[in-house]
Amino acid sequence: MDRDLILYLNAIGISYKYYEYLLEIFQDLDKLLERKGRFDDLNLTSRMKSKLEKAYFDFNLDDYKESLWKVGAKFMTQADDCFPEHLRHIPDPPYLLYYKGQWKNIFNYSIGVVGARKCTNYGVWAVQEIAGGLSQMGIPIASGLALGIDKIAHQWALSHNNYTVAVLGTGIDKEYPASNRNVYRQMNNHEKAVILSEYPLGTSAARHTFPWRNRIISGIGLGLVIVEAKKHSGTLITAKYAAEQGKEVFAVPGNINSIYSKGTNELIKDGAKIVTGIEDILVELPQLRELTEEKKISIDFDGFSQGERRVYQALEEFPKHPDELCFQLDMGVQEVMLNLTKLEMKGYINQIGDKFTISFSK
């Protein structure tokens with residue numbers, strides 16, 4: 001699979017459904033250019049032929065690569081080892097991705113977090129709870145850099161120095177929407193953030209680009225969390241893609257009177273897993289435990305009291321509320337809170353909302 005040929009086809013706007021056909025015919029860019037703009041014998045629409053003909057005379061791939069360099073972007077194709085592993089196996093996988101940042105294998109463990117653009121206060125609280133919990137455990141967050149839930153998910157990952165990946169519905173050179181420009185720029189300068197797009201430079205926002213990019217948000221990692229969604233919304237398109245890709249779909253339950261919970265409540269009725277905290281995600285996706293086990297700090301239990309050891313070991317399973325610890329360990333609330341305070345002061349645990357979790361850096 002010739003990288004330059006794939007980049008050329010993408011940059012001039014050839015539809016993905018013709019990629020395999022053209023790659024099989026030409027195999028590399030030189031063979032396509034040898035046609036010198038003559039493509040009448042190909043089984044393509046007149047529109048696609050016109051794009052190939054025009055590109056021969058007007059488009060220069062070296063200039064396009066320079067434009068990529070100027071905006072600080074690179075590209076990867078299915079031919080590259082660094083290409084996101086899970087995206088290789090979804091229906092209609094992208095042949096090429098433009099990216100800013102450093103793609104790492106850890107993103108294969110990411111959880112998509114998406115939801116309504118006009119979210120409620122409850123939605124804000126819920127996404128902060130989930131994104132904060134995932135970030136505290138070092139689990140990457142994928143989203144779409146849209147207004148509302150997406151933006152908050154990215155912000156919480158950045159504020160917790162966690163990995164996060166944004167999949168755009170525009171060219172990677174577009175800071176869209178304008179009101180999210182500051183988050184885009186924060187991600188662009190953060191060592192643990194990656195910005196992705198399959199659209200060529202200069203591609204503006206359009207109604208069809210966002211639903212299509214949603215298959216990448218859902219496909220890039222292990223699962224998808226829907227925080228808030230109307231009954232008919234783009235967020236539910238992402239959930240549909242996730243289900244078709246065989247991903248775990250989670251939904252935050254909401255007030256039955258809220259239009260922003262209609263979609264999530266319907267998803268739950270249709271079989272999505274209810275998520276009220278990250279423990280629900282960890283139970284369904286044991287692969288995440290492999291990631292979190294690798295990131296645990298080394299513990300010398302010789303310096304722990306018996307109570308501290310029991311509380312810490314209980315929190316290794318997943319974050320818990322003090323009341324849960326009281327019940328599980330058969331401890332009084334004062335004893336539990338004392339041990340939690342000691343562990344937190346020593347830097348072995350952190351509080352996220354009303355729950356406590358072990359630290360992954362000290």
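Scroll up to find the structure this text is about.
This structure is a prediction, so every number in the text was calculated from the model and none was measured.

On to the overall build of the protein. Along its length, the protein carries 16 helices and 11 strands. Overall, the protein is about 80 × 45 × 35 Å in size when its C-alpha atoms are taken along their principal axes. Evaluated residue by residue, the protein yields a buried proportion of 54% over its 362 residues. Accessible surface computed for the protein: about 16800 Å², of which carbon and sulfur atoms make up 47%. Computed over 43 positive and 46 negative side-chain charges, the inter-centroid distance for the protein is 6 Å.

Moving on: the nonpolar core. Formed by 41 residues in total, the largest nonpolar core has its most connected members in Leu9, Ile14, Leu22, Leu52 and Tyr98. A total of 6 residues in this core trace back to one element, the largest contributor, which is helix α1 (residues 3–11). Leave out the neighbours within four places in its chain, and Leu9 touches Ile14, Tyr19, Leu22, Leu23, Leu32 and Leu52. Formed by 30 residues, the second largest nonpolar core is a distinct cluster that contains Phe83, Ile90, Val165 and Leu224.

Below, the discussion takes up the packing of helix α7 (residues 149–159) against helix α8 (residues 181–188). Direction vectors running N to C along α7 and α8 enclose 40°, while the axes themselves pass 11 Å from each other. In this structure, the crossing between α7 and α8 has a hand that is left-handed. Of the residues in α8, those touching α7 at Lys151, His154, Gln155 and Leu158 are Val183, Gln186 and Met187. Grouping the amino acids of the contact of α7 with α8 by side-chain chemistry returns 3 nonpolar, 3 polar and 1 charged.

Take the packing of aromatic side chains next. Per the stated rule, a full pass over the model turns up 14 aromatic pairs. Here Tyr64 and Tyr98 contribute two aromatic rings whose centre-to-centre distance is 6.4 Å and whose plane-to-plane angle is 70°, an arrangement assigned as edge-to-face. Placement of Tyr64 in helix α5 (residues 61–70) and of Tyr98 in strand β2 (residues 96–100) is noted, with a sequence separation of 34 residues between them. Accessibility assignment for this pair places Tyr64 and Tyr98 in one class, buried.

All right, on to helix α6 (residues 121–136) then. For α6, spanning 16 residues, the distance from its first C-alpha to its last is 22 Å, which sits close to the expected 22 Å at 1.5 Å a residue. Among the residues of α6, Gly123, Ala126, Val127, Glu129, Ile130, Ala131, Gly132, Gly133, Leu134, Ser135 and Gln136 are the ones counted as buried. Two residues or fewer past α6, Gly138 is found with a positive phi of approximately 75°.

For the rest of this paragraph, the subject is the pairing of β2. Of all 5 residues making up β2, 5 are buried, and the element is well covered by its neighbours. One ladder, built from 4 bridges, connects strand β1 (residues 74–77) with β2; its direction is antiparallel. From the neighbouring strand, Met76 faces β2, where its bridge partner is Leu97. In terms of strand pairing, β2 meets strand β6 (residues 193–197) through 3 bridges, oriented antiparallel.

A word on unusual backbone geometry. Each neighbour pair has its own omega, and for Tyr176 with Pro177 the value is -10°, a cis peptide bond. Position of Pro177 relative to the elements: it lies in the loop between β5 (164–167) and α8. Of note, Gln27 is a non-glycine position whose phi angle comes to about 65°, a positive value. The residue Gln27 is located in the loop between α2 (19–26) and α3 (29–33) in this model. One non-glycine residue, Asn161, lies in positive phi territory at about 55°. Take Asn161: it is sitting in the loop between α7 and β5. The exposure class of Asn161 is partly exposed, given its relative accessible area of 39%.

Turning to the environment of Lys31, a few remarks are in order. Within the fold, Lys31 resides in helix α3. Taking the relative accessible area as the measure of exposure, Lys31 reaches 38% and is therefore partly exposed. Lys31 sits 310 residues away from Thr341 along the chain, and the two C-alpha atoms are 68 Å apart.

Moving on, we get to the sheet that holds strand β8 (residues 248–251). Taken in spatial order, the 9 strands of this open sheet run β1-β2-β6-β5-β4-β3-β7-β8-β9, and their pairing is mixed. The sheet is open, and its two borders are formed by β1 and β9 (273–274), each paired with just one other strand. The sheet strands contacting helix α10 (residues 234–244) are β3 (111–114), β7 (223–226) and β8, and the helix crosses β7 at an angle near 155°. Seen against the sheet, helix α11 (residues 262–269) touches β7, β8 and β9 and runs at an angle of roughly 130° to β8.

Two faces make up the sheet, and in a regular strand the side chains alternate between them. The alternating pattern of β3 places Ile111 and Val113 and Gly112 and Val114 on opposite faces, both of which are buried. Taken together, the 2 bridges between β3 and strand β4 (residues 141–143) define a ladder with parallel strand orientation. Bridged to Ile111 within β4 is Ile141. Where β3 and β7 come together, 4 bridges link them in parallel fashion. From the neighbouring strand, Gly112 faces β7, where its bridge partner is Leu224.

Conventions used here
Residues numbered from 1 in each chain as written. Predicted model: local features only at pLDDT ≥ 70, side-chain atom pairs only at ≥ 80, totals over all residues. Heavy atoms only, no water. Helix = DSSP H or I, 4+ residues; strand = E, 2+ residues; numbered from the N terminus. Buried < 20%, exposed > 50% of the residue type's maximum accessible area, 1.4 Å probe, protein only. Areas by Shrake-Rupley, 256 points an atom, 1.4 Å probe, with all protein chains shown as cover. Lys, Arg positive; Asp, Glu negative; His and termini not counted. Charge placed at Lys NZ, Arg CZ, Asp CG, Glu CD. Core = buried A, V, L, I, M, F, W, Y, C linked by side-chain atoms within 4.5 Å. Contact = heavy atoms within 4.5 Å. Axes fitted to C-alpha atoms, helices over the stretch in contact; angles between N-to-C directions. Left-handed = near helix turned anticlockwise from the far one by under 90°. Nonpolar A, V, L, I, M, F, W, Y, C, P; charged D, E, K, R; others polar. Phe/Tyr/Trp six-rings, centres within 6.5 Å; stacked < 30°, edge-to-face > 60°. Expected span 1.5 Å × (residues − 1). Pairing = 2+ DSSP bridges.

Function cannot be inferred from these measures alone, as they are strictly geometric.
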